[in-house]
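As a plain string of letters, each chain reads:
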Amino acid sequence: MKITLRIWRQPAADQPGRYERHGLADVSPDVSLLEALDQLNEQLISAGERPVSFEHDCREGICGSCGFLVNGQAHGPRIATSVCQLYLREFEDGAELTLEPWRAKAFPAIQDLMVDRSALDRLIAAGGYCSTGTGQAPDGNALPVGRDQATSAFSTATCIGCGACVASCRNASASLFVAAKLAHLGQLPQGQPERASRAKAMQDQMVTEGFGSCSSHLECEAACPQEISADWISWMHRERRG
Amino acid sequence: MSGLPDPRIPAGPIADAWQRTKEGLPLISPLRKGQIDVLVVGTGLAGASAAATLAQQGYRVTVLSFHDSPRRAHSVAAQGGINAARSVAVDGDSVSRLFTDTLKGGDFRARESGCQRLAEISSGIIDQCVAQGVPFAREYGGSLATRSFGGALVSRTFYARGQTGQQLLYGAYQALMRQVELGRVRLLTRRDVLELITVDGVARGVVARHLLSGALEIHTARTVLLCTGGYSNVYFLSTNALKSNASAIWRAHRKGALFANPCFTQIHPTCIPSGDAFQSKLTLMSESLRNDGRIWLPLETGDQRSAEDIPEQERDYFLERLYPSYGNMAPRDVASRRARELCNAGRGVGPGGLSVFLDLTDAIKTEGREAIAARYGNLMKMYERISGDDPYRKPMRIYPAPHYTMGGLWVDYQLMSSIPGLFVLGEANYSEHGANRLGASALMQGLADGYFIAPSTVTAWLAGNAAPDVTPDHSACREALESTLRRIETMLGSGGTTPVDSFHRELGAVMIDSCGISRDAEGLRDGLSQVEALEKRFHGEVRVPGEAAGPNAELEKALRVSDFFGLAQLMLRDALAREESCGAHFREEHQSPEGEARRDDVNFAHIAAWEHQDGAEPIRHSETLQFTALQPSTRSYR
């Protein structure tokens, strides 16, 4: 098939960016979008041009490295799918795809489709853990956790930290990311001792990092490759009051 | 260096040997630990758990990660689960059974003392992870759930749906970030470790490239821990993440660290097969699918009909036919080999005839679509996304793919390499998995090394080896930096026109063919000469665009692939020298008339440990393995 990629090219954070169009004349519909970018990069290198920078690693949807907007949608059009799992067969022959990086104040630009998401690590550092040290653990069966409770905690713990929720939010809020971590630990007995202080510390850090507030547009839930529910954001707000 | 260092295997009975060893190790006062720098490379299960624990003990820890965040490390992709012997179940599991399974699973090519220690520690790992908030699957009554895995006869695998590695990694990552917040860990992300620094033969630091600025940095410490994972990416197409590189261990090897059993590489039987020439990786599908899926091929060679058009009597359920008792649950290496043989004989299906069917039709018929969806829903979705086919309607197509590498830097019982002060943890070392790893044991080993073993043994080494601080202006640091700088300049100055990936693909094709599922002397020799020729061509014809400064993904790749050439040659040499079939290492010349592996305990009951020599062939040392608790027996799955 044939596709055209309209890609945001920006050499560095302090330099202006612009869109650049590149065509792939004969590409298999069975390659992923990232593999199409690999092909484009091989062509650019052979022609002596700078290849396109984009984040990627596991290419199976679990590491959270990849992520950019495809035609304005975080991770592209397919639901519950990170961009590395997006295959060209999803698009029509001859389609033009606009690829641009996550745009958020808390995610400074690096190059092309790459941004700096270390703010998410600082949110975790602010309190996204149980303060237990190695060797201080009681028997894992000493605190029973019901099956439904464990399943619900797990479903929030699956967040891969890709930043799609931030990128798709008009306020560039990290509410879904923070809510998911608070809900993961807050639903388990191990997370109870620090539940209130964790909720405060992580939400305060969210403000410090320059993330916006939630105004309930729910785009985060729509974009989340792990399908984490935005209901947890209301839950998080109650935690803050509690 | 001459020969092999003392592996420091504890004397006496192996049960409780670790406890005895630990009690005899020297300690350091908590106050003094605050003045000691420790360098940890890698933030997967082994690295993150070790760094968090060493920081908790009071050391000044610096952590280097290749990624933008520690949470990206490839441990995150492990699906199945983590083994632990907790004698709470009623199916008769025990430490001694896990020990036996590990040693047997590795086909008697691991140290029994290490396997025993791993089994003893395993239960505490689960407790540790639960305390961190890892949401393991639970029974309705609230206790921890388990499942059976990979041919084990007991149920000892703890899991968090199909994302156990992710959840365990996040537990370790969060523990690490807590120490960062407490100011005890300095976390440096986006650093590629390109050289080891040794002073008077002792590991004292590394040279790293900052992946955004391109600056070369010197990081020094009293001890260095390499926790950098495996090297399956030598095969280009593997289940590993694309950035999983082996540079840190390979550069350490070139600096004197012995490399043990590099040819022990595991091929996973159930992966989504290759479709297009530009495919960049192979995705693993949890082996648990084999519990309900039946594996088959058309009886006729070259049968191109679609699966549903092939009547039952024209299908060959070859694993069930060959292994009536284990059937589709035959061990990984056996299942992989049979699939490859049949595909090579022209019986394979799909593009290039390089896959076999994994068919859930019967299970869907008996149990219903919903039951199967509940069990494998996420895998079914993943398969559909990648292949474009609906696995509920059509059998999946699978093929074996390089997955885990049992080989790695040689370490003694205390996880120290042959370079004093250099510790190696997790998949990066050669330890308990022998010639073949059991399913759900990789996570267990990574965390045992990081949480429980290294914190004691690193302390013991530091207690006995006081040394003055090394500063970046030390001649050893400057030399390591300059040689790295020259290497980068040469790479950028190579006047060729071919992108790195093209060479990597070629290397992978040679390696999977000559040193993959099965090996023979002729193929290995041929592979060796092909890799040598390819390496020469690479240095003449590669184009690495851009500059040393700033982000340069092609330069990162070029450095990685240039290391893979050396590693590939060592794998081939090792496979050639090991004239036996054991575990995942299958030599065509060494099999029974029925096609079963023939191990040679008289000549090869040892760990091969390779010593690098500049400009000459490496030297093969061997560490003889002693078995006291369990005598080697022959594996049979017929």
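These remarks concern the structure in this document. Every chain begins its residue count from 1, and numbering advances along the sequence as written. Just so you know, chain letters begin at A and ligand numbers begin at 1, following the order they were written in. At least 70 in pLDDT is required for a residue's local features to be given in this predicted model, at least 80 for side-chain atom pairs to be given and counted, and no such filter applies to totals for whole chains, interfaces and linings, which use all residues. Calculation of side-chain values draws on the structure's entire complement of heavy atoms; hydrogens and water are dropped beforehand.

A few words now on the overall build of chain A. In this description a helix means any DSSP run of H or I spanning at least four residues, a strand means any run of E spanning at least two, and both kinds are numbered starting from the N terminus. Looking only at helices and strands, chain A has 8 helices and 7 strands in total. The buried label goes to any residue with under 20% of its type's maximum accessible area, the exposed label to any with over 50%, and the partly exposed label to all in between, with areas taken from a 1.4 Å probe on protein chains only. The buried share of chain A, taken over its 242 residues, is 62%. In this description, contact between two residues means that some pair of their heavy atoms is separated by no more than 4.5 Å. Of all intrachain contacts in chain A linking residues separated by at least 6 positions in sequence, the fraction that spans at least 24 positions is 68%. About 9200 Å² of surface is accessible on chain A, with carbon and sulfur atoms providing 47% of the total. Only the protein chains shown count as cover for residues, and the accessible areas themselves come from Shrake-Rupley with a 1.4 Å probe.

All names here are of chain B. With respect to topology, 5 strands assemble into an open sheet ordered β19-β17-β10-β20-β21, the strand pairing being mixed. Edge strands, defined here as strands with exactly one partner in the open sheet, are β19 (429–430) and β21 (619–624). With 6 bridges connecting them, strand β20 (residues 606–611) and β21 associate as antiparallel partners. Opposite Ala609, over in β21, you have His621 as the bridge partner. The criterion for strand pairing is that DSSP finds at least two bridges linking the strands in question.

A covalent bond between the sulfur atoms of two cysteines is referred to as a disulfide. The disulfide criterion is simple: two cysteine sulfur atoms within 2.5 Å. Enumeration over the complete set of coordinates arrives at 0 disulfides over all chains. Looking at the unpaired Cys66(A), the closest cysteine sulfur is the one in Cys84(A), lying at 3.8 Å. Exposure remark for Cys66(A): the relative accessible area of 5% places this residue in the buried category. Note on Cys130(A): no disulfide assigned, nearest cysteine sulfur contributed by Cys129(B) at a separation of 12 Å.

Bringing the side chain of Arg340(B) into the picture now. Residues and elements named next belong to chain B. Within the fold, Arg340 resides in helix α9 (residues 332–344). Here the positive residues are Lys and Arg and the negative ones are Asp and Glu; neither His nor the chain ends is included. A carboxyl oxygen of Asp or Glu within 4 Å of a side-chain nitrogen of Lys or Arg is what we treat as a salt bridge. For the buried Arg340, no salt bridge exists, and the shortest N-O distance to an oppositely charged side chain is 4.3 Å, to Asp513. With residues up to four places along the chain from it excluded, the contact list for Arg340 reads Tyr399, Asp513, Ile517, Ser518 and Glu588.

Successive residues of a regular strand alternate their side chains across the two faces of the sheet. Residue and element names in this part refer to chain B. Most of strand β11 (residues 265–272) is tucked away: 8 of the 8 residues are buried. Here 5 bridges tie β11 to strand β16 (residues 396–405), and the two strands are oriented antiparallel to one another. From the neighbouring strand, Gln266 faces β16, where its bridge partner is Tyr404. As paired strands, β11 and strand β12 (residues 283–284) are joined by 2 bridges and run antiparallel to one another. Paired with Cys271 across the two strands is Leu284, which belongs to β12.

This part takes up the nonpolar core. Ranked by size, the top nonpolar core spans 186 residues in total, and within it Phe211(A), Val61(B), Ile82(B), Phe136(B), Leu225(B), Leu226(B) and Met511(B) carry the most contacts. Top contributing element to this core by residue count: helix α16 (residues 553–577) of chain B, with 13 residues. In this view, Leu225(B) contacts Val38(B), Leu39(B), Val40(B), Val41(B), Ala50(B), Leu54(B), Phe423(B), Leu425(B), Ala454(B) and Val458(B); residues no more than four positions away in its chain are not counted. Throughout, nonpolar core names a set of buried Ala, Val, Leu, Ile, Met, Phe, Trp, Tyr and Cys residues whose side chains join them through atoms within 4.5 Å. Core analysis: the second largest hydrophobic core is formed by 37 residues, Tyr317(B), Ala330(B), Ile372(B) and Tyr399(B) among them.

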